[in-house]
Structure formats: C-alpha cells, structure tokens
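Listed below, chain by chain, are the residues.
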Amino acid sequence: MSDDHAVDLSVTWLGRAMPGCLYNASGVWCREEDELAALRASAAAALITKSATLAPRDGNPEPRYHPTPLGSINSMGLPNRGFDYYLDFARRYGDGGGKPLFLSLSGLTLDDNCAMLRRLAEAGLPALPEINLSCPNVPGKPQLGYDFGATAEALDAFDAAYPGLYGVKLPPYFDPAHFAAMAEILNRHRRLAFVTCINSIGNGLVVDVDSEAVVIKPKDGLGGLGGDYVLPTALANVREFCRLLPGKDVVGCGGVKSGREAFMHILAGARAVQVGTCLHQEGPGAFARIAAELAALMRAKGYRRLDDFRGRLRTL
C-alpha cells in the first residue's frame, strides 16, 4: 500500500472539502457521542448523526436487528437521543478537523422537521442537514418519499425554514416513472443540494427455518433490508438520479462492503459513499480497509482521482 498517496480519494462538494469519499450511513455508529468520536478518529471522511426526532426515542422493542448471510434486516424505530443532543454535539464539533458533519433529521411530523431546521439555522453552525424522507420502520408512519404530493409540500416548508444548503435521504424507487416524478419535484428546489440513495428496502421478511419464526420482533417481523440485498437497487437509484438531477450531488448508500462496491457507486455517479451494514458488523476500522481497497482498484485501472471515472458507467 506504499503507493496509496498517488491515488486521491478526496472530494470537494457543498462548498467544502473532504479528505476521502467514505462516511457512515445515518443509523450506524452514530447514536451516542462516543460512537461519533470513534468515527471521527477513524478513516471516515465525514460524519452523520443518527436520525434525530425532536424528542428522544427508545425505538422499537428488541430484537430489532438481525444479521443475515446477505446483509441485515432491522426495524430500529428511530432510537435516538433527541435533536438537542446532536445539536450540542455539533456546537462542540466545530469544523471537525476537516471532516464535515451532517445532521440527520427525521421528525415525526412536518412541523417537527421545520422546527429542527429553524433551530439549526439559528445556531449558525457549519453542520449540514440531511432530512430523512424514508424511514420504513416506525409503526403507523408511512415513508414520506413515496407520497409525491406530501414530499413537494415538505420541501416547500424546508425551503422556508432553512436558508442554507440541505439534502434529503430517499427511499428506493423501482419504476422509471417514479424516478422521473420525484426528480421533477426535487429539481424545483435550488438549495436542495444533494440526495442520498438509498435507505433500506422496507418491509422485507426474514424467516428462521429452525425456529419457524421471524428474526425480529417489531411489525411482526417486517424490517428494512441492507447489505448485499440492496446493492443493485441502490446502484440503479444512484445512476438514475445522477442523470435526472443536474447540478445536484448524489450520495451512494447500499451494499458497500469493500472497495469494489464503493467503486461501483462512484462509477454510477455518486459524489460520496456511505457505509451501513458493513460498518455495523465490522466497526469503524472498515473505512481504512475499504479506502485502501478502492485505492488499489483505482491504481490497477490507471485512475488517480475519483473524477477520472465518476459517472462514466458504460451501457451496452
């Protein structure tokens, strides 16, 4: 790995620089301050907090996460320490030594999201909000990103509540008409600077043959799928939204467990790449390994910068 310095994994976007292209997906290693500190000390190039609700939440009953041979299933239910906890962390974080901080927001109502955005704006911090439109694991709460009319209304309200750049985390879409319809809404909003694709594929079911039972308790076993299950869907969403959202950045998320999957996301057009299930299973040391594997793959292909191949996926 002595030639890693010859490969540049840095990213400049949103008016700031990141020393690399990899960081955590919201929900993993980011609920508690000591977890965020471990991410900051790792090779992660940025940090994003756990999706915050206005008030703290315990989340769904255990067991609510289960690893599988192809990834994971979870129904966490937004357990978090509440918005004030993460806002206080952001105040102490400063510029993070060159590692940007993103605050994930997932209010249970539109008013809650707008209240958090207004308070973040008043704080005048460099942290950037990523608003979660796509949590599939809160009983009785549909995914906002699947209601195009409600999404349009929400984005208008976000624009009014927050004067800076922001992003949204999207659910997976499966039909070209839905890609186009959501893109048309997103393109109306100039300060919506990035989208993260994708959140978990909601409401899967994993069955344990030995016990003849489901593997998680909430929602009678239904939960969001991550890991290998979601990689092809994540790549499709990244590629399509990169095509449909000129002037906006796309963050790839889903199925990244090595440098090869990170390369695929960037080849499909991703500006940066989040790691979720692999981070949960391996811990923050995963970032150094994945970054080294990505650098080695780029070197073998003759690439020195991410822009050498970003968005250059060929079709047949």
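All of these numbers come straight from a predicted model, not from anything done at the bench.

1. Comments concerning the overall build of the protein chain
Reasoning step 1: When helices and strands are counted, the protein chain shows nine helices and 16 strands.
Reasoning step 2: What you see for the protein chain is a C-alpha radius of gyration of 18 Å, in line with the 20 Å of a compact globule of 316 residues.
Reasoning step 3: Taken along its principal axes, the extent of the C-alpha atoms in the protein chain is 55 × 50 × 45 Å.
Reasoning step 4: By the burial criterion, 55% of the 316 residues in the protein chain qualify as buried.
Reasoning step 5: Contacts spanning at least 24 positions in sequence make up 73% of the contacts within the protein chain whose residues lie at least 6 apart.
Reasoning step 6: Here the protein chain has roughly 13200 Å² of accessible surface; of this, 53% comes from carbon and sulfur atoms.
Reasoning step 7: Distance between charge centroids for the protein chain: 5 Å, based on 33 positive and 34 negative side chains.

2. A word on helix α9 (residues 286-301)
Since one α-helical turn is 3.6 residues long, residues separated by three or four positions face the same way.
Reasoning step 1: With 16 residues, α9 should reach 22 Å at 1.5 Å per residue; the first-to-last C-alpha distance of 23 Å fits that figure.
Reasoning step 2: Within α9 the residues assigned to the buried category are A286, F287, I290, A291, A292, L294, A295, L297 and M298.

3. Description of the pattern of salt bridges
Reasoning step 1: The final tally for this structure, using the stated rule, is 17 salt bridges.
Reasoning step 2: Note that D228 and K257 form a salt bridge whose closest N and O atoms lie 3.1 Å from each other. In this pair, D228 sits in the loop between β14 (222-227) and α6 (231-244) while K257 sits in the loop between β15 (249-253) and α7 (259-267), placing the two residues 29 residues apart along the sequence.
Reasoning step 3: In this structure K257 comes out as partly exposed when scored by relative accessible area, which is 39%.
Reasoning step 4: One salt bridge in this structure joins D307 and R305, with 4.0 Å as the shortest N-O distance.

4. What to know about the state of the cysteines
Reasoning step 1: The tally for this structure, following the rule as stated, stands at zero disulfides.
Reasoning step 2: C114 takes part in no disulfide bond, and the closest cysteine sulfur to it belongs to C135, at a distance of 18 Å.
Reasoning step 3: For C114, a relative accessible area of 7% corresponds to the buried category.
Reasoning step 4: The thiol of C278 is not disulfide-bonded; the next cysteine sulfur, from C253, is found 12 Å away.
Reasoning step 5: For C278, a relative accessible area of 9% puts it in the buried group.

5. A few points about the sheet that holds strand β10 (residues 192-197)
Reasoning step 1: An order of β3-β16-β15-β10-β9-β8-β7-β4 is seen for the eight strands of this open sheet, with the pairing classed as parallel. The sheet is open, and its two edges are formed by β3 (22-24) and β4 (47-48), each paired on a single side.
Reasoning step 2: Bridge analysis of strand β8 (residues 128-132) against strand β9 (residues 166-170) gives three bridges, and the strand direction is parallel. Looking at β9, one finds that N132 is bridged to K169.
Reasoning step 3: Against the sheet, helix α2 (residues 83-93) engages β4 and β7 (101-105), with an angle of about 170° to β7.

6. Side note on the UniProt feature "domain: Dihydroorotate dehydrogenase catalytic" (unreviewed entry) in the protein chain
Reasoning step 1: Annotation from UniProt places "domain: Dihydroorotate dehydrogenase catalytic" (unreviewed entry) at residues 9-298.
Reasoning step 2: As annotated, residues 9-298 comprises 35% helix and 22% strand, and the C-alpha atoms at either end are separated by 10 Å.

7. Remarks on the environment of M76
Reasoning step 1: Within the secondary structure layout, M76 lies in the loop between β6 (71-74) and α2.
Reasoning step 2: Remark: the alpha-carbon pair of M76 and G27, spanning 49 residues in sequence, is separated by 8.8 Å.

8. What to know about unusual backbone geometry
Reasoning step 1: Cis geometry is found at the peptide bond from E62 to P63, where omega equals -10°.
Reasoning step 2: For the bond from C197 to I198, the omega torsion is 15°, close enough to zero to count as cis.
Reasoning step 3: Examined against the element boundaries, I198 turns out to sit in the loop between β10 and β11 (201-205).
Reasoning step 4: The phi dihedral of W29 falls on the positive side, at around 55°, and the residue is not glycine.
Reasoning step 5: Tracing the sequence through the fold places W29 in the loop between β3 and α1 (33-41).
Reasoning step 6: According to the relative accessible area criterion, W29 is partly exposed, its value standing at 30%.
Reasoning step 7: In this model, D220 sits at a positive phi of 55°, which is unusual for a non-glycine residue.
Reasoning step 8: Within the fold, D220 resides in the loop between β13 (213-214) and β14.
Reasoning step 9: With a relative accessible area of 72%, D220 lands in the exposed category.

What counts and how
- Residues numbered from 1 in each chain as written.
- Predicted model: local features only at pLDDT ≥ 70, side-chain atom pairs only at ≥ 80, totals over all residues.
- Heavy atoms only, no water.
- Helix = DSSP H or I, 4+ residues; strand = E, 2+ residues; numbered from the N terminus.
- Rg over C-alpha atoms; globule rule 2.2 N^0.38 Å.
- Buried < 20%, exposed > 50% of the residue type's maximum accessible area, 1.4 Å probe, protein only.
- Contact = heavy atoms within 4.5 Å.
- Areas by Shrake-Rupley, 256 points an atom, 1.4 Å probe, with all protein chains shown as cover.
- Lys, Arg positive; Asp, Glu negative; His and termini not counted.
- Charge placed at Lys NZ, Arg CZ, Asp CG, Glu CD.
- Expected span 1.5 Å × (residues − 1).
- Salt bridge = Lys/Arg side-chain N within 4 Å of Asp/Glu carboxyl O.
- Disulfide = S-S within 2.5 Å.
- Pairing = 2+ DSSP bridges.
- Axes fitted to C-alpha atoms, helices over the stretch in contact; angles between N-to-C directions.
- UniProt positions renumbered as here; feature names shortened; annotations may be inferred.

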